[in-house]
Amino acid sequence: MDGRQVHWQPDPPPAAEGLRETAGPWLWRLWVVVPLMVLLGTALVQWLAIHASQQTVITQLSAQQADETEMLARLMGSKLEQSQKVLGTLAEAAAPWVQGPASQPPPLLDQGGTATRYFDSLVFARGAEVVRRQVRDAGQGDEAVEPAERDVLRRVIVDGKPLVSEPFRSASGGPSIALGIPLRDKQGAVQGAMAGVLRLQSQSLLPVSLAITPPDSGQLVLMTASGVLISHPDPTRVLGPADSDSMLAQALQLWRERTANGGALTAHSWWLAPHVVSVAQMPAARWLVVRVMPHDQSLQSWGRQWRSWWWLLLLPVALAALTWLWLWGHSRRFKQLVAQTPLPVAPAPVLALASGPVDASDSASGPLPDEIDRMGMHLHELGQQRDSLSEQLRQQQQLAESVLAHARFSFLLLQGDQIQQVSQALAHLLGYSRQDLQGQPVRMLAMADQDFDLAWEQLAPDLERLGSAETSVVLRHQSGAPVMVSLHLVNIAEAGPELRWCFVRAGQARVAAQSPSRMDKLTLLPNYDALLLHLTALLQARRQGLDESSPSAPVLFYVNVDNMSAINTLAGHAQGDLVLQHVARQLQLLQPFQGYAARVAGDKFALVLRQCSREKAHELAAQLCDTLQNWEPQLRSKHFVVTVSIGLLQIDASFADALQAVRAADMASYSAKRQGGNRACWREAKAA
């Protein structure tokens, strides 16, 4: 530069009288956009409410019309079923005719019963003989039989069941149908057929209102499933196709699609503006009743009701006005806040020259920031500071995690009695993973609660007076074995309440983590080798005086299943394995926190309780015997009683090794077995 000094200088806050100029374009846009959004949002909500109300009205009209159409379909179906019942009565009277001579006319006609007048004509078929008699009109003869009537008689004889024909135009005029029914002999065989022919408008089969419909009430139409019109307000369209009417064709197509998709055969309505179309199926002939009703008048009445609530249209305008007033009142406070907030970073360099400051009109300095720019730059700097702190925190966490994972020394970070952090070396020493220990109470690592309480009593005075203390304690390995360690606790109260570092040094009683090769696959208990290692560690701790805090010597339970060979012989080894697994579960239920259960071999198990008096041991043994005796499993449809013989032995330093202790407990279990089993016997250490 040319000798001039350059430095950054933030803009000074504007004076109080310049608050009006502090409000930039953003506030003006806010005053316009927010009320407009409120206005549009309220109008949209009102439109949705009107639309939902309209849909509710349409749904109610559709449901009401569907119910009415369903009722009409059932009424016509019941009349058709009544006609079939009358024809069945006539068929019972005409049944002897099929076995009489060929020249004999049907006896029913000779009797002249009044039931025959229910139909327009009756047609009888016996073999090749077809006889037709007009009931209402004069004339008779085989040549007068309609082709549709012959087809019905032929199908009834072949199928042997009643049948309703498709509508057809008879010679006498008008659409008709034929109801066919078989004629049987005394053995029940079909020997002929009988058909009753009637016009659809006769005998009140169809209501008069079905054919004569007021113009303002829509259409009421009866058609077949194939689309043939049976009844229509226009008589010229009867027996014509429904496809000639777009509304009827669309209703028929919708019904076919609904039935093809597995829909119910009950009446259904569709809104085809401005009409509601309802379709229902007659149960007897499977004809369709279609009702087309215009509901534009109902919707117009509903619209007039909504228009009477014109004052609701003023609601969006009122809300927009109130929103604008609220924004105007709070914008004054916002302007004061922006005016009093200094810029953390200058928008452009301000040159402080020896001759004086740069002219504010200089284009190089750029435009002055508005209120949003000021707050944005301030938030940007805060965001950068947050990112910098987050990066520092991440680096610190990575460093701490690296120390915890790779440090050669063992330590814990405690807060009160909870484990906050643990080093990988200490987790490996005790047979856990770091995730298993973090967040757990520190008492879970003690062999006994008495050891924990005693160690804390020794540490508490020095921790309070000096801020650090050291002592020795026996911790519990994950396998249950004792681990002699030296603890050094240091208070770090300045970092948080009740925070302490606990440094751990292992003693000579360390036991390696239990490997899968020392696990019994059937019961998932430690095996015989693991039991010997555990007992060896206990004996070593007793000899070195590391277990003096225990009020009594450890007790070894040697459990021998009495009748295992009989179970394997009678129920099979697979069922015997289930019994062994059940015994293992019962031992685990009796096993306290500092206990150790294992499967020795075959039907023999062991349970080591580090703190257990003779009375408590005898009580637990009796409880195990009673539990197994009351179990009585059913194996291969046979009931068995499971009993055990238990040998009890207190382990002290007099035993040469773990193998000697196991043999002594085994001899005690055999003593219990010789006394009848299902009991426990003690064996003294001196006798071993």
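Conventions we followed
- Residues numbered from 1 in each chain as written.
- Predicted model: local features only at pLDDT ≥ 70, side-chain atom pairs only at ≥ 80, totals over all residues.
- Heavy atoms only, no water.
- Salt bridge = Lys/Arg side-chain N within 4 Å of Asp/Glu carboxyl O.
- Helix = DSSP H or I, 4+ residues; strand = E, 2+ residues; numbered from the N terminus.
- Buried < 20%, exposed > 50% of the residue type's maximum accessible area, 1.4 Å probe, protein only.
- Core = buried A, V, L, I, M, F, W, Y, C linked by side-chain atoms within 4.5 Å.
- Pairing = 2+ DSSP bridges.
- Axes fitted to C-alpha atoms, helices over the stretch in contact; angles between N-to-C directions.
- Contact = heavy atoms within 4.5 Å.
- Left-handed = near helix turned anticlockwise from the far one by under 90°.
- Nonpolar A, V, L, I, M, F, W, Y, C, P; charged D, E, K, R; others polar.
- Expected span 1.5 Å × (residues − 1).
- Arc of directions from axis to C-beta.
- Polar contact = N/O pair within 3.5 Å; in protein donor to acceptor, adjacent residues only side chain to side chain.
- Phe/Tyr/Trp six-rings, centres within 6.5 Å; stacked < 30°, edge-to-face > 60°.
- Lys NZ or Arg CZ within 6 Å of the ring centre and 35° of its normal.
- Parallel < 35°, antiparallel > 145°, perpendicular 65-115°, else oblique.
- Patch = residues over 30% accessible without salt bridge, like charges linked within 9 Å, V, L, I, M, F, W, Y side chains within 5 Å.
- Areas by Shrake-Rupley, 256 points an atom, 1.4 Å probe, with all protein chains shown as cover.

Enquirer: Honestly, the pattern of salt bridges in this entry has me stumped. Any pointers?
Expert: Enumeration according to the criterion identifies 12 salt bridges in this entry. Two residues, Asp151 and Arg155, come together in a salt bridge whose shortest N-O distance is 3.6 Å. Note that Asp151 and Arg155 are positioned in helix H4 (residues 147–159) at a spacing of four residues, about one turn of the helix. Here Asp245 makes a salt bridge to Arg237, at a shortest N to O gap of 3.6 Å. Judged by relative accessible area, which is 19%, Arg237 ranks as buried.

Enquirer: Looking at this structure, how should I read the nonpolar core?
Expert: Grouped burial of nonpolar side chains is what soluble globular proteins tend to show. With 35 residues, the main nonpolar core has Phe119, Met194, Met282, Trp287 and Val289 as its most contacted residues. Breaking this core down by element, the ones donating at least two residues are helix H2 (25–94), strand S1 (121–126), strand S5 (175–184), strand S6 (190–199) and strand S7 (219–223). A total of 10 residues in this core trace back to one element, the largest contributor, which is H2. Val579, Leu624, Leu628 and Ala680 belong to the second largest nonpolar core, which has 32 residues in total.

Enquirer: Explain the sheet that holds strand S19 (residues 555–561) here, please?
Expert: Through backbone hydrogen bonds, the strands of a sheet pair up, either in parallel or in antiparallel fashion. In space, the five strands of this open sheet follow the order S20-S21-S19-S24-S25, with mixed pairing throughout. Strands with a single pairing partner mark the edges of an open sheet, and in this sheet they are strand S20 (595–601) and strand S25 (679–683). Mean inter-strand twist for the sheet, computed between neighbouring axes without regard to direction, equals 20 degrees. Helix-sheet contacts for helix H13 (residues 528–543) involve S20 and strand S21 (604–609), and the interaxial angle to S20 is about 135 degrees.

Enquirer: I tried to follow the packing of helix H15 (residues 573–590) against helix H16 (residues 614–629) on my own but got confused; where do I start?
Expert: Geometry of a packed helix pair, given as the angle between the helix axes and the separation of the axes. In contact at an axis separation of 11 Å, H15 and H16 are set at 145 degrees when each is read in the N-to-C sense. The two elements H15 and H16 cross, and the hand of that crossing is right-handed. Side by side, H15 and H16 meet where His582, Val583, Gln586, Leu587 and Leu590 of the first sit next to Leu620, Gln623, Leu624, Thr627 and Leu628 of the second. Its residues assigned to classes, the contact of H15 with H16 shows six nonpolar, four polar and no charged.

Enquirer: Quick question: what am I supposed to make of H16 here?
Expert: The periodicity of an α-helix, 3.6 residues per turn, causes residues three or four places apart in sequence to face the same way. Here H16 spans 23 Å end to end across 16 residues, near enough to the 22 Å set by a 1.5 Å rise per residue. Within the sequence span of H16, burial applies to Ala617, Leu620, Ala621, Leu624, Cys625 and Leu628. Down the axis of H16, the smallest arc covering the buried residues is 140 degrees, so these residues share one side. In this structure, the buried side of H16 is in contact with S19, H15, S21, strand S24 (644–650) and S25.

Enquirer: Which parts of the structure should I look at to understand unusual backbone geometry?
Expert: If a residue is not glycine, its phi is most likely negative; likewise, a peptide bond is most likely trans. Non-glycine residue Arg636 carries a positive phi angle of around 55 degrees. The residue Arg636 is located in the loop between strand S22 (634–635) and strand S23 (638–639) in this model.

Enquirer: Where do I start with H15 in this structure?
Expert: Taking 1.5 Å per residue as the helical rise, H15 with its 18 residues ought to reach 26 Å, and the 26 Å between its terminal C-alpha atoms agrees with that figure. Among the residues of H15, those classed as buried are Gly576, Val579, Leu580, His582, Val583, Ala584, Gln586, Leu587 and Leu590. Lining the buried residues of H15 we find S19, helix H14 (564–571), S20, S21, H16 and S22.

Enquirer: Explain the side chain of Arg434 here, please?
Expert: Among the structural elements, Arg434 can be located in helix H11 (residues 434–437). Given a relative accessible area of 7%, Arg434 falls into the buried group. Within the structure, Arg434 has its side chain in polar contact with the backbone oxygen of Val422 (distance 3.0 Å).

Enquirer: Quick question: what am I supposed to make of the sheet that holds strand S9 (residues 268–272) here?
Expert: If you walk across this open sheet you meet the five strands as S8-S7-S11-S10-S9, and the pairing is antiparallel. The sheet terminates laterally at strand S8 (229–231) and S9, the two strands that pair on one side only. Each neighbouring strand pair of the sheet contributes to a mean axis angle of 30 degrees, computed without reference to strand direction. The pairing of S7 with strand S11 (residues 288–294) spans five bridges and is antiparallel. Considered in S11, the bridge of Leu222 is made with Val289.

Enquirer: I keep staring at the side chain of Thr224 and nothing clicks. Help me out?
Expert: Checked against the element boundaries, Thr224 lands in the loop between S7 and S8. In terms of polar contacts, Thr224 uses its side chain to reach the side chain of Ser226, at 3.0 Å. Filtering out sequence-adjacent residues up to four positions away, Thr224 remains in contact with Glu166, Pro167, Ile230, Trp287 and Leu288.

Enquirer: How should I be thinking about the packing of aromatic side chains in this particular structure?
Expert: Aromatic rings considered in pairs are described by the distance between their centres and by the relative angle of their planes. One pass over the full model with this rule turns up four aromatic pairs. Ring geometry for Trp97 and Phe124: centres 5.7 Å apart, planes at 65 degrees, overall edge-to-face. Of this pair, Trp97 sits in the loop between H2 and helix H3 (107–111) while Phe124 sits in strand S1; the two residues are 27 residues apart in sequence, bridging distant segments of the chain. A single burial state applies to Trp97 and to Phe124, both of which are buried. Members of the aromatic cluster, each reached through a chain of ring pairs, are Phe411, Trp501 and Phe503. Taking the ring centre of Trp97 as reference, the NZ or CZ of Arg126 above it sits at 4.2 Å. The positively charged end of Arg614 is found above the aromatic ring belonging to Trp682, 4.1 Å away from the centroid.

Enquirer: Sorry if this is basic, but what is going on with the packing of H13 against helix H17 (residues 658–674) here?
Expert: Two elements in contact, H13 and H17, have axes whose closest approach is 8 Å; the angle formed by their N-to-C orientations is 110 degrees. By the criterion of interaxial angle, the relationship of H13 to H17 is roughly perpendicular. Where H13 crosses over H17, the two elements pack in a sense that is right-handed. Residues Tyr528, Leu532, Leu535, Thr536 and Leu539 of H13 pack against Ala658, Leu659 and Val662 of H17. Of the residues belonging to the contact of H13 with H17, the class tally is seven nonpolar, one polar and no charged.

Enquirer: In this structure, what is going on with a nonpolar patch on the surface? I would like to understand it.
Expert: A cluster of nonpolar residues, Leu319, Leu322, Trp324, Leu325 and Trp328, forms a patch on the protein surface that exposes about 500 Å² of accessible area. Along the polypeptide, Trp324 turns up in helix H8 (residues 314–339).

Enquirer: Can you walk me through the environment of Thr69 in this structure?
Expert: If you trace the backbone, Thr69 turns up in helix H2. Exposure remark for Thr69: the relative accessible area of 2% places this residue in the buried category. For the pair Thr69 and Ala280, spaced 211 residues apart in sequence, the C-alpha to C-alpha distance is 6.1 Å.

Interpretation note: all reported values are geometric properties and have no functional meaning in isolation.
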